[in-house]
Amino acid sequence: GEDVEQSLFLSVREGDSSVINCTYTDSSSTYLYWYKQEPGAGLQLLTYIFSNMDMKQDQRLTVLLNKKDKHLSLRIADTQTGDSAIYFCAENPSGGYQKVTFGTGTKLQVIP
Amino acid sequence: DTAVSQTPKYLVTQMGNDKSIKCEQNLGHDTMYWYKQDSKKFLKIMFSYNNKELIINETVPNRFSPKSPDKAHLNLHINSLELGDSAVYFCASSQLAGALGELFFGEGSRLTVL
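Draft legend 1. Local environment of empty space enclosed by the protein. All names here are of chain B. All told, the structure shown has one cavity of 30 Å³ or more when counted by the stated rule. By volume, the largest cavity amounts to about 30 Å³. Together, Asp30, Thr31, Met32, Tyr49, Asn50, Asn51, Lys52, Ser68, Asp70, Lys71 and His73 line the largest cavity. The set of elements that each furnish at least two residues to the lining of the largest cavity consists of β4 (31–37), β5 (43–50) and β7 (64–70).

Listed below in structure tokens is the structure:
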């Protein structure tokens, strides 16, 4: 099967930057997403990038896309304790019905 | 108002039993999904319905049977529960025709099979 890979765990100090990496599989994906899952809750869309973009910035969040290497990253500036959660990258292949494939998830721990 | 709601939130049952999880969305979306999240937090799609029609059916044992009475509801019935069915089951919805395809998730139903 196809796997969207992420490192499982990241620990940072409050105020530092966090960088979460993802390697996806489908070069035809139109959109690539970052979802956030807080404890005991469902996933929520955090940000996304369209496949014809290299970078997208949204306040403290920066998404970088390297299509050649199928690599996606999420940078969180000035990381706060409220950012502690599991972060999932996801790809949505173009055409037909949506069959969003999620990455393995990265648990971000922010140390006060 | 909860956009995607699932019941029950917790379910503890014995092996061999049959159980159902219900999901409702009030977002007016056309498409609904069931995802399974295992103990390692891996999230896999199981089924998707568009306007009551099954459009995605992953390799899921036929003990799992989804039913969509209308486009706002998608239920999941599981027969002859096994230990390996223990997981958190998430319902989600999206607007299929929308460009972004954002998924809206429920809070999950944690199923524990003893």
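Draft legend 2. Up close: the interface of chain B and chain A. Counting residues at the interface gives 25 residues for chain B and 19 residues for chain A. Between chain B and chain A we count three residue pairs in polar contact (both at pLDDT 80 or more) in total. Among the elements of the structure, β4, β5, β6 (53–57) and β9 (87–94) of chain B are those that each provide at least two residues to the side of chain B that touches chain A. Of the residues forming the side of chain B that touches chain A, the biggest block, four residues, is contributed by β5 of chain B. Split by residue class, the side of chain B that touches chain A holds 13 nonpolar, six polar and six charged.

Draft legend 3. Layout of the sheet that holds strand β1 (residues 5–6) of chain A. Residue and element names in this part refer to chain A. The strand order across the open sheet formed by five strands is β1-β3-β8-β7-β6, and the pairing between neighbours is antiparallel. If you trace the sheet from one side to the other, it starts and ends with β1 and β6 (55–58), each paired once. Note: β6 against strand β7 (residues 61–66), four bridges, orientation antiparallel. Its bridge partner lying in β7, aspartate 58 is registered against leucine 61.

Draft legend 4. Local environment of the pairing of β9 of chain B. Residue and element names in this part refer to chain B. Of all eight residues that make up β9, eight are buried, and the element is covered over most of its length. Burial of β9 is two-sided: the residues Ala87, Tyr89, Cys91 and Ser93 facing one way and the residues Val88, Phe90, Ala92 and Ser94 facing the other way are all buried. Judged from the seven bridges that link them, β4 and β9 form a sheet pairing that is antiparallel. Following the sheet pairing, tyrosine 35 is matched in β9 by phenylalanine 90. Bridge count for β9 against strand β11 (residues 109–113) is three bridges, and the pairing is antiparallel. If you follow tyrosine 89 over to β11, its bridge partner there is serine 109. Pairing of β9 with strand β10 (residues 104–105), which is carried by two bridges, proceeds in the antiparallel orientation. Within β10, the position partnered with serine 93 by the bridge is phenylalanine 104.

Draft legend 5. Quick look at the layout of surface pockets. Roughly 570 Å³ of volume is contained in the largest pocket. If you trace the largest pocket, you find 27 residues lining it, with Thr101 of chain A together with Leu43, Lys44, Ile45 and Glu58 of chain B closest to the centre. For the lining of the largest pocket, the element with the highest residue contribution is β5 of chain B, accounting for four residues. Here the lining of the largest pocket is built from residues that sort into 11 nonpolar, seven polar and nine charged. Of the voids in this model, the second largest pocket is the one considered here, and its volume is about 430 Å³. Residue lining of the second largest pocket: 26 residues in total, with Gln37, Pro39, Gly40 and Ile86 of chain A together with Lys41 of chain B positioned closest to the centre. Ranked by residues supplied to the lining of the second largest pocket, first place goes to strand β11 (residues 106–111) of chain A with four residues. Residue composition of the lining of the second largest pocket, grouped by class: 10 nonpolar, nine polar and seven charged.

Cut-off values and rules
Residues numbered from 1 in each chain as written. Chains lettered and ligands numbered in written order. Predicted model: local features only at pLDDT ≥ 70, side-chain atom pairs only at ≥ 80, totals over all residues. Heavy atoms only, no water. 1 Å grid on protein atoms, 1.4 Å probe; cavity = no way out; pocket = protein on both sides within 12 Å on 5 of 7 lines; lining within 4 Å. Points joined across faces, edges and corners; volume = space filled by probe spheres on them. Helix = DSSP H or I, 4+ residues; strand = E, 2+ residues; numbered from the N terminus. Contact = heavy atoms within 4.5 Å. Polar contact = N/O pair within 3.5 Å; in protein donor to acceptor, adjacent residues only side chain to side chain. Nonpolar A, V, L, I, M, F, W, Y, C, P; charged D, E, K, R; others polar. Pairing = 2+ DSSP bridges. Buried < 20%, exposed > 50% of the residue type's maximum accessible area, 1.4 Å probe, protein only.

Purely geometric numbers; function is a separate question.
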